[in-house]
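# Structure assessment
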Amino acid sequence: MAGLVVGLSANKAIWEGWVTDRLFQIRANFIEPELTSSPVAVVGLDQASLDSERLSRIPRVLMTPVMAEAGQAVLDAGATALGFDFVFAYSADSFVDPSTGEARLSGFDRPFQSFAYRNRGKVFIAHTEIGVPHRSFTAAIGAGGVRSVIVSTDNDGIVRKHVPQLPLNDSPHLIDALLGAAGADVSEAFVSIPGSRLATSLPYMSLIDVLTLSQSEEGRARLKEFSKGRIVLFGGLLPFEDEHLYSDRFLPHVSPEAADTGPGGRPRVQPQTAGVFILADVIGAALSDRYAVAPPRGLLTALAIGFAIAGAVAGLFFPLMVLPVIAVLGVLAGLGLSLAGLEAGILIAPGVAPVSCVMAMVAAAVGKVSILQRRQRSLVRLFGHYLAPDVIKHMATSEQLPELGGDTRHVVVAFIDIVGFTKMSEKLPDRDVVRVVNACFDRIGQTITKHQGYIDKYIGDAIMAVWNAPNTVDNPEKAAVDAAHEIIGSLDEIRQITGEAGLDLRIALNAGPVLVGDIGGEHRRSFTVMGTTVNTASRVESVAKDKKVRLALSQSVADGLPKRYPLLEIWTGQLRGLSTDISVFTLDVPEIYMEKETGEDNAESTGQKSNLVEFPR
């Protein structure tokens, strides 16, 4: 839907005309223009004519007799009809001598008036928005002989389209009048498809060439070759006069030898196109079927839907890195379709299909990324119950399993055991045993996670937890002890939740280097920690049992704690399976002892001196 809506909105966009003109340019590089068969020719009042010996002394406003002579010569040479892109706003008959008031030029315009009257229906003169012919010329040529030469521009200021008004012979436009005189059959708006720069390709003669050629037999033959069967337009070709931006501005130039050109040559090509050339091209396009019309109803919508679907499919099912290439291919396909449409005489808006494809692809790709990210978050949440969230995120990002093995890191390992689990399981049904264990582990797990710990595994009625793997913890010893202290402090809450008043916990901590990573095989693996540090932690738990404390921590953990923690050494010796002596400590606070004895009594019973400091509960 995004591709369809945005694609259709690209129709008649301000940049669309520029793309259309570039398509004309591409087309012109593959198709040679048929220069000699052009049905329209241009006679120009150019600088060469004004500089000629015959015309240099005549003001332009007094050239009506010259225009009549040239026009008649062209008609005699076989021209179908004539159009003058001149307004003829002034009559020489109205000019008087300012000193005497004498009308010295009376009858000066009579040759043109006679010419216009004799050729009514074949000769047309122009009017514009602000200029109309003098009444004497209008009377001579008739109301139907005066037509508008106003051209309309697209929203980018470029002239491209002509909208004929039917019937052509009654239309107010000069273009339609000349098309009607030539028997053309056009009934809808069309866009001319030029094949080259008009100033270099349209059949052209300078006004002075026509006047000169009409004086000799050989010249009249050349004039016949130039005019016969053609509509001939007369217009001004002086630089910066009546020029417009036209869709031929990117097209190649035709060499002077290849085009039909009079003896005097052509004026220099200007950045913009002379109005008379534009009129000639539009008329010539209609007479030679060199134009394109709007596509049939529903075609643009169908193309937008098709390209939008293609773009959406690509966005959903192709990798993101491939999408830019597919987008380029979609744009080229859309432009190629518009180019093929020109050959079929249909102007397919070049922006609709490419924009539909690209927009749908972008929307689909964004949607796919959003869906994948949501799925990734769901997987992280789901498998976070089984694996470390950091491990899941890494796998989801890299889209592959980590390599087997791992790195050595300094961690704190904890074993948290439910005391008296065997006796409790003997008196409770299996379902209640599971309920008690799950409730107990859930509360403990919340505290471990709160203090940045990671539950490595559940071992029957015990939990193995790790700090500083796989995540990074600034002070893992402090985080582990704080978590253990909070877990012990929540014993009453755990007993209330489980309904087991005799439930108790025992926690053992040890710090040191371990191997952290994936252990197992290609078909089954587990993220865990391994090493002597883990084994030592499990042995420290036996000290906690013997000394009847809920928390026992090794020397390596104690060394990493701040001085304010009330540590008490409760045992020194060699643990089973180890070859060196180790000191074991606990926190000298009342809740740590399973037997309700003070820290001082306990210190005396163990032969150690208590080092009491403030410890935040």
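See the structure printed just above.
Parameters and conventions
- Residues numbered from 1 in each chain as written.
- Predicted model: local features only at pLDDT ≥ 70, side-chain atom pairs only at ≥ 80, totals over all residues.
- Heavy atoms only, no water.
- 1 Å grid on protein atoms, 1.4 Å probe; cavity = no way out; pocket = protein on both sides within 12 Å on 5 of 7 lines; lining within 4 Å.
- Points joined across faces, edges and corners; volume = space filled by probe spheres on them.
- Nonpolar A, V, L, I, M, F, W, Y, C, P; charged D, E, K, R; others polar.
- Pairing = 2+ DSSP bridges.
- Helix = DSSP H or I, 4+ residues; strand = E, 2+ residues; numbered from the N terminus.
- Contact = heavy atoms within 4.5 Å.
- Axes fitted to C-alpha atoms, helices over the stretch in contact; angles between N-to-C directions.
- Salt bridge = Lys/Arg side-chain N within 4 Å of Asp/Glu carboxyl O.
- Buried < 20%, exposed > 50% of the residue type's maximum accessible area, 1.4 Å probe, protein only.

## A few points about empty space enclosed by the protein
- Applying the stated criterion across every chain, the model contains 1 cavity of 30 Å³ or more.
- Residues of the lining of the largest cavity, tallied by class, amount to 5 nonpolar, 3 polar and no charged.

## Remarks on the sheet that holds strand β11 (residues 291–293)
- With respect to topology, 3 strands assemble into an open sheet ordered β5-β6-β11, the strand pairing being antiparallel. With one partner strand each, in any of the chains shown, β5 (161–162) and β11 form the two edges of the open sheet.
- As paired strands, strand β6 (residues 190–192) and β11 are joined by 3 bridges and run antiparallel to one another. Note on β11: the bridge partner recorded for valine 191 is alanine 292.
- Its contacts with the sheet place helix α11 (residues 275–287) against β5, β6 and β11, and it is angled at close to 115 degrees to β6.

## Quick notes on unusual backbone geometry
- The residue after leucine 166, namely proline 167, is reached through a cis peptide bond having omega -5 degrees.
- Within the secondary structure, proline 167 sits in the loop between β5 and α7 (174–181).
- A cis amide bond, omega -5 degrees, links alanine 469 with the succeeding residue proline 470.
- Topologically, proline 470 is positioned in the loop between β14 (462–467) and α18 (476–489).
- One non-glycine residue, glutamine 452, lies in the positive phi region at around 65 degrees.
- Mapped onto the elements of the fold, glutamine 452 is located in the loop between α17 (430–450) and β13 (453–459).
- Even without being glycine, lysine 548 reaches a positive phi, approximately 55 degrees.
- Along the polypeptide, lysine 548 turns up in the loop between α20 (532–546) and β17 (551–554).

## Digging into the pattern of salt bridges
- For the coordinates displayed, the defined rule picks out 20 salt bridges.
- Glutamate 217 serves as the salt-bridge partner of arginine 220, at 2.9 Å between the closest nitrogen and oxygen. Of this pair, arginine 220 and glutamate 217 are both found in helix α10 (residues 217–227), 3 residues apart, which corresponds to roughly one turn of the helix.
- Given the relative accessible area of 38%, arginine 220 is considered partly exposed.
- Its relative accessible area of 60% is what places glutamate 217 among the exposed residues.
- Note that arginine 230 and aspartate 260 form a salt bridge whose closest N and O atoms lie 3.0 Å from each other. Highlighted residues: arginine 230 in the loop between α10 and β8 (231–236) and aspartate 260 in the loop between β9 (243–244) and β10 (273–274), separated in sequence by 30 residues.
- The exposure class assigned to aspartate 260 is buried, which follows from its relative accessible area of 15%.
- Among the charged side chains, a salt-bridge network with shared partners connects Asp21, Asp154, Asp156, Arg160 and Arg249.

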